Structures are given as C-alpha cells and as structure tokens.
Amino acid sequence: MTRFQARFATTDEIGHWDKHVTANPNGGNLLQSEAFAAVKRNFGWEVRYLVLEPGGAASGDTAQASYNLVLEKSFPLLGRFWYLIKGPDVADVTEVPAALEAIKGLVVRERLGVFAVKVEPDIIDSEEARGVLGAAGFVKVPNLQPNDSTAILDIAPEPRLVLKSLHSRGRNAVRRAEREGVEVVEAEPTLANYRTMHALMTGTLNAKSNTGARVRGFEYYRQFWTEFTSRGQGRLYFVYENGRPSVGAFVINYGRKGTYKDGGSLQKRAQYGDSHLIQWTAINHMKDLGCIEYDFCGTPPADRLKDTSHPFHGLGLFKTSFTKTVTDFVGCWDYVIDPLRYRAWTTAGERVARQLYTRRTGQQFY
C-alpha cells in the first residue's frame, strides 16, 4: 500500500510549478496551474502549494510525487477550510485515502487549524471507487466543477484519423462549414475582444436560462483569460458573420491536455457548422502544441445524456457530436479532520459563508 508524506513546496518548486503539475500521475489540471492560482488569489482565496511524496515504511512501490494546488479560506471560530481543487492527482483511487492521511498529518504537525479538506480527484467514477472513498470516511458532497462529467476526445492520432473518429454529426458539420467557407480567426487577447467574448457567453446563457449555470462577472474572466494567454496557455477564437463575432471559444493548453473552457454564440446565425469548425480548429492547434486529449468541459452524466430535462442536455448533444462517450469522475468529497467543526460547517457555516461572500463581492464562492 502506498503511503505519502505531505509538505509545502519549496520556493524553487513554486517557481517551476506548471512543470511539476503537468508531470503528475494524471498530467495535472488547468485548475491546479500557476495561472489559476493567480486568479483565485485575487478572488477571496489564500493559495498553498502542496507536495505529496511517496514514503513511509510500507512504501516500496513506484508511486510518484504529486504537486497539488490548495485553496484556503479562514472562518471565525471554525478555522481553516482547504479545497484541493481537482486533486489529489494520484494514479489510483486507492491512493486517495493515503494522500489525505498525509495531509492530515501535515495539518496536525504544523498546527494549521484545518477542519476539513474538499477533494475532487480526476478518478473515473465507479461503485468500487465510491466504495473506497466511503469506507475511508470521505463524505460525498455536490460537485462543483463543470467537467466532473465531460466529453474527452483522443487527439493523439493524425488529424485525418481524429476527424474520422468523430460522431457523424460532428464530422459532417465540420466538413460542411469548411465547404461553405466558414472562417475561424484566432483573436488577439485584447480588452475589446474579451468584452465581446463575455457578451457572447452572457447572451448564450440568457437564451438558455434553464441550464442553472451562471456567467461570472467580466473582471473575473478578464483576469482568467489574461493569466492563461500571458503564459502561452490560452487562445481565443471567433467566427464572424456579417462583420461581427457570432461564435467564440476560449481554449487552454495545459501539459498534454487541451480544454474548451468557455464558449458563447449569437442565437440566430446563418452559417451552418460554425460552432463545430471553431472546435475543430482549436483541436488541431492543441495537437500542434503537444496535447493528446481534448476536454469539452461539461456534459450531463453518462446515465442522463438523453434526459431532455437535464439543464446541460443541449450542451451534451453538441459535445458528444465529437466524441461518443461521456466520462464521469467521482466528483467532490469532503475529508473531515475535526468532526465537531465540520458539523457546524455543514449545518450552517458553509451556507452563511457563501451567502455573505456573494452578497459582498457579487462573485461565486467557489
């Protein structure tokens, strides 16, 4: 059985953070990146850089070190709450309990006052995986990230074979858009283009009000997009119709993964297949940058893909026109360190904290 030792990253490790994260067992996640840390630091979170190293008497295995971003908030009387966003990044669900035991050891050793840790490892959902976490005392809580269920496309093969692998709906839409001269433009990361992108996102959400999703304020996205583009990890694409952007997509390359992070479009458009072609263009750019998979970032769970009442039903239809399957991850779980303070958190603390933060800042809590 793997055992871990937990410690905080050194100054040198933090200086090369993305290099370490993208070498994690699952290749890291953009939400563990240096860019994302910079964003969350300005939106109500303290940031800690955590390293999990295999070690201990029983660790004669081949487990590798894992670098994980921790988001921290402090609350009067309760203490500190940690959000191990998209982590811990370990090779197998059986390593998650050991990783959290190590984190608990660090919390106790350093007297950090953390009462609970929220985790959401990119481990494929299954009865076995849920059983491992439940048996170790983890508490299942509502998922937070849109891609806890998502469509992931293998883009490692040559473009011809990737296109051939698409669902016929997506492949036909791409080819028709190409035949009819639809053009995708990689837009400059300017304030004006960011405002245009945000307006497309807001318009799409307003037209599909049943999704239950929210578009954050412009300033959040401005900083988010700027942090990634300034590091060469983000790209903005537009399709134009009648001289103005009609479809937009912001796509991130992080390690071996490309991610369709944000999108929006005008609801009345004449160009067929424009949304598909913008994705196909981004996919090929991600391939050129060394990515081998492309995450469409959010669908209904696999067992509700055909459920028209699901708020993401339309998004799921579009995204599965590229890849035919949906990947469900185990989602969010809480690891309890102090049961008494955690009970206070779940009884009223979290609800009140979220309401107060949103009322004060207009931003989402997580």
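Up top is the structure.
All figures in this text were calculated on a predicted structure; none of them were measured in a lab.

K.L.:
So what exactly am I meant to see when it comes to the packing of aromatic side chains here?
P.N.:
Two numbers describe a pair of aromatic rings. These are the distance of the centres and the angle of the planes. Overall, the coordinates contain 27 aromatic pairs when judged by the stated rule. With a centroid separation of 5.9 Å and 80° between ring planes, the pair formed by Tyr220 and Tyr221 is classed as edge-to-face. The exposure class of Tyr220 is buried, given its relative accessible area of 4%. A ring pair is formed by Phe238 and Tyr240, whose centres lie 6.2 Å apart and whose planes are at 85°; its orientation type is edge-to-face. Assessed through its relative accessible area of 0%, Phe238 is described here as buried. One aromatic cluster is present, built from ring pairs that chain together Phe36, Phe43, Tyr194, Tyr220, Tyr221, Phe224, Trp225, Phe228 and Phe250. Directly above the ring of Tyr220 sits Arg216, whose terminal nitrogen or CZ lies 4.3 Å from the centroid. The ring centre of Phe224 lies 4.7 Å from the NZ or CZ of Lys261, which sits over that ring.

K.L.:
Looking at this structure, how should I read the sheet that holds strand β12 (residues 257–265)?
P.N.:
Two strands in a sheet stick together by hydrogen bonds in their backbones, pointing the same way (parallel) or opposite ways (antiparallel). Here 6 strands make up an open sheet; going across it, the order is β8-β13-β12-β11-β10-β9 and the pairing mixed. Taken across any chain shown, the strands that pair with only one partner, and hence form the sheet edges, are β8 (152–154) and β9 (184–187). Strand-to-strand, the axes of this sheet are offset by a mean angle of 25°, without reference to chain direction. The sheet contact formed by β9 and strand β10 (residues 234–241) spans 4 bridges and is antiparallel. Considered in β10, the bridge of Ala187 is made with Leu236. Seen against the sheet, helix α9 (residues 218–230) touches β10, β11 (244–254) and β12 and runs at an angle of roughly 55° to β11. Across the sheet, helix α10 (residues 274–288) lies against β8, β9, β10, β11, β12 and β13 (293–295), angled at about 30° from β11, the strand it touches most.

K.L.:
I tried to follow the packing of helix α7 (residues 168–179) against α10 on my own but got confused; where do I start?
P.N.:
Each pair of packed helices can be described by the angle between their axes along with the distance between the axes. Contact pair α7 / α10: the axes reach a minimum separation of 8 Å and the direction vectors enclose 95°. Classed by the angle they form, the pair α7 and α10 counts as roughly perpendicular. On α10, the residues touching Gly170, Ala173, Val174, Ala177 and Glu178 of α7 are Asp274, His276, Leu277 and Trp280. In terms of residue class, the contact of α7 with α10 is built from 5 nonpolar, 2 polar and 2 charged.

K.L.:
So what exactly am I meant to see when it comes to the pairing of strand β15 (residues 333–336) here?
P.N.:
The two faces of the sheet receive side chains in turn, since in a regular strand these alternate between them. The pairing of strand β5 (residues 114–119) with β15 spans 4 bridges and is antiparallel. What sits directly across from Lys118, in β15, is Asp334.

Conventions we followed
Residues numbered from 1 in each chain as written. Predicted model: local features only at pLDDT ≥ 70, side-chain atom pairs only at ≥ 80, totals over all residues. Heavy atoms only, no water. Phe/Tyr/Trp six-rings, centres within 6.5 Å; stacked < 30°, edge-to-face > 60°. Buried < 20%, exposed > 50% of the residue type's maximum accessible area, 1.4 Å probe, protein only. Lys NZ or Arg CZ within 6 Å of the ring centre and 35° of its normal. Pairing = 2+ DSSP bridges. Helix = DSSP H or I, 4+ residues; strand = E, 2+ residues; numbered from the N terminus. Axes fitted to C-alpha atoms, helices over the stretch in contact; angles between N-to-C directions. Contact = heavy atoms within 4.5 Å. Parallel < 35°, antiparallel > 145°, perpendicular 65-115°, else oblique. Nonpolar A, V, L, I, M, F, W, Y, C, P; charged D, E, K, R; others polar.

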